[in-house]
Amino acid sequence: MNIWILTIGSSDVQLKPKNNWKNLNTSGRSQLKPDRGFSPSKLPDNDRLRVPARVMGVIYSQPEASLDDLDFPLIDNFINKLQAQQVVIDKVILVLSDQSIFPETKRSQKHPYWQDTCTLQPILEKYLTEQWKDVSPDLEIKPLLLKAASEEEGLDNWDAVLTLVQQKFASPDLDLPEDATIYVSHQAGTPAISSAVQFCSLAKFGDRVKFLVSNEYNPAFPEKPLEGSSYLRGIRIQEAKALLGEHSYNYAGVEALIGNYLKENEDINTLLNAAKNWNLAKFDNFLECLKFHPKFASEVAERTREENWWWIAYEEVYLALVRKEQGNIVEAFFHSFRAFEGIFASWGQSRFNQHIEVLNDIPYLNPSILIDTENSFSNVLGKKAKKAISDIKSKLEALSQKLQGEDVKIAKNERVEMNLRTLCNLFKAIRYADYDQNCPALKIFWDNDEDNNVSEKRNFIVHQVQGMTESDLWSFWGVSSLEDWKSRLLEFLNFIVKEDFPEGFSSLEEASLMAIVHQELEREIAAL
């Protein structure tokens, strides 16, 4: 099915000779307001005459009027182009204007009231039916009337007209099948109407739109309808750029908007797939997507080296920052805490790898650490440091003694699970003097006051069925602003990894590979 949406302007119906005008005007003026007889005026560059659209509609809708007196230059041009392409139109939607909200007192051809095209409907219906009778005898013609709501919201008001056209296009009365091809001629009418019809057509019908346009100085150009996909592509790219902009980071939304235009663009597809995985905190998949990308292959190789066990934590914290910028405080809290669960776990794995035993996917510290002269508790110095692992050491010693028996069964609670509490105590014991002197704020993880340590506060928040405010997030981390929060998270991460990565990072943005991927994605999409 082919549907033609056609906007009508005040000059689209013109008068040829004015031989019959006088008689028709005399008989028809009674239908107009008193003293509103307009004399036809000559149009520039041709021998046609112009009559205000409302007047033309009233005068030439009389039974005795003949369409032979009239010229339809723009419509004829469009019809010729359609028929040259052997396009048969099944339905025409006439976009007409009604600005009767304006007083008709002024006798001016440029007055909105007199430029209305609504009275042209019978003339246009008759003419279009005649032109298409041989190829489309069942042509359906449906008016779409745009009526100004007030003088302030007339049909030259861009915002008001856009809303009005959106509402009209959404009406089921138009009966627009989803498989129909939509031809759109939007050049006539006010600039606001033209723009709104173009925009709404693309928004509603997408790739099904073909624009049927004309050139004022060369009516034959372009010969064929213009594919709406080229216009739509530009709009979609601008929308995609907005979704990548500040406080959004909607990578799945970007793909939904412009995925059809990226089938041959391997680089952008790679970046989008990586970004979507990152946004879901699937950081290993994130790197997997990038490992063959020419600009990121070396970065991926660097991060996957065994000694760089810390990299995921920085990505997780950057994700927390993004969630905060998106206004999602709960997820900002979740990812910021999860980053430290992860980095302590990675630190423990790196530090005690040969003494970790995994049972049913749960890591446990093996008593073998007690006899390891290079990596043992014997290196822990200081009363407070030794106290941190006294329970762990006692439990390992008891477990070691029990394991020397035959056919023993070890209960889960007899083992030392490498959970956050254990990891914090191990870190506290081994690095006590360093953090006590150089990063004392790190004590918030294992503060003796159970109401203030991070783990306990985290449990309290998670078990509440309610949201979080920004001030809740600051209170959790013991800060008072976004910049303080970012600085604290970065300080903690840099300190935890400093034995293996002494230089650390100067910012969370510098630490995150995703921050660079995002910038590259913005550049690639801007260049489409």
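So, how was this worked out
Residues numbered from 1 in each chain as written. Predicted model: local features only at pLDDT ≥ 70, side-chain atom pairs only at ≥ 80, totals over all residues. Heavy atoms only, no water. Disulfide = S-S within 2.5 Å. Buried < 20%, exposed > 50% of the residue type's maximum accessible area, 1.4 Å probe, protein only. Salt bridge = Lys/Arg side-chain N within 4 Å of Asp/Glu carboxyl O. Helix = DSSP H or I, 4+ residues; strand = E, 2+ residues; numbered from the N terminus. Pairing = 2+ DSSP bridges. Polar contact = N/O pair within 3.5 Å; in protein donor to acceptor, adjacent residues only side chain to side chain. Contact = heavy atoms within 4.5 Å. Core = buried A, V, L, I, M, F, W, Y, C linked by side-chain atoms within 4.5 Å.

Caption draft 1: Here's a closer look at the state of the cysteines. Tallied over the full model, the rule gives zero disulfides. Residue Cys424 stays outside any disulfide, its sulfur separated by 13 Å from that of Cys439, the closest cysteine. Given the relative accessible area of 3%, Cys424 is considered buried. On the basis of relative accessibility, which here comes to 1%, the residue Cys439 falls in the buried class.

Caption draft 2: Highlighting the pattern of salt bridges. Counted according to the given criterion, the structure contains 24 salt bridges. Across the pair Lys295 and Glu520 runs a salt bridge whose closest N-O atoms are separated by 2.8 Å. With Lys295 in the loop between helix 11 (283–290) and helix 12 (297–303) and Glu520 in helix 23 (residues 513–526), this pair connects stretches of sequence that are 225 residues apart. Its salt-bridge partner being Glu299, residue Arg303 comes within 2.7 Å of it at the nearest N-O pair. Here Arg303 pairs with Glu299, and both are found in helix 12, just four residues apart, close to one helical turn. We classify Glu299 as partly exposed; its relative accessible area is 28%.

Caption draft 3: Representation of the sheet that holds strand 12 (residues 362–365) in the model. Strand order in the open sheet formed by three strands is 11-12-13, with antiparallel pairing between adjacent strands. Two strands in the sheet have a free side with no partner beyond their single neighbour: strand 11 (356–359) and strand 13 (416–417).

Caption draft 4: Broad picture of the side chain of Arg431. Note that Arg431 resides in the loop between helix 17 (420–430) and helix 18 (432–438). Of the polar contacts made by the side chain of Arg431, one reaches the backbone oxygen of Ile496; its length is 3.3 Å.

Caption draft 5: Focus on the environment of Tyr318. Examined against the element boundaries, Tyr318 turns out to sit in helix 13 (residues 311–325). With a relative accessible area of 9%, Tyr318 lands in the buried category. The sequence separation of Tyr318 and Ser507 amounts to 189 residues, and the corresponding C-alpha distance is 9.8 Å. Discounting residues that sit within four places of it in the chain, Tyr318 has contacts with Trp278, Leu508, Glu509, Ser512 and Ala515.

Caption draft 6: Looking closely at the nonpolar core. Residues Phe340, Leu365, Leu442, Phe445, Trp477 and Trp485 are the most contacted members of the largest nonpolar core, which totals 93 residues. Ranked by the residues each element gives to this core, the list is headed by helix 14 (residues 329–352), at ten residues. Apart from the residues within four sequence positions on either side, Phe340 is in contact with Val317, Leu420, Phe445, Trp477, Leu489, Phe492, Leu493 and Ile496. Grouped together as the second largest cluster of nonpolar side chains are 42 residues, Phe38, Leu49, Val55 and Ile89 included.

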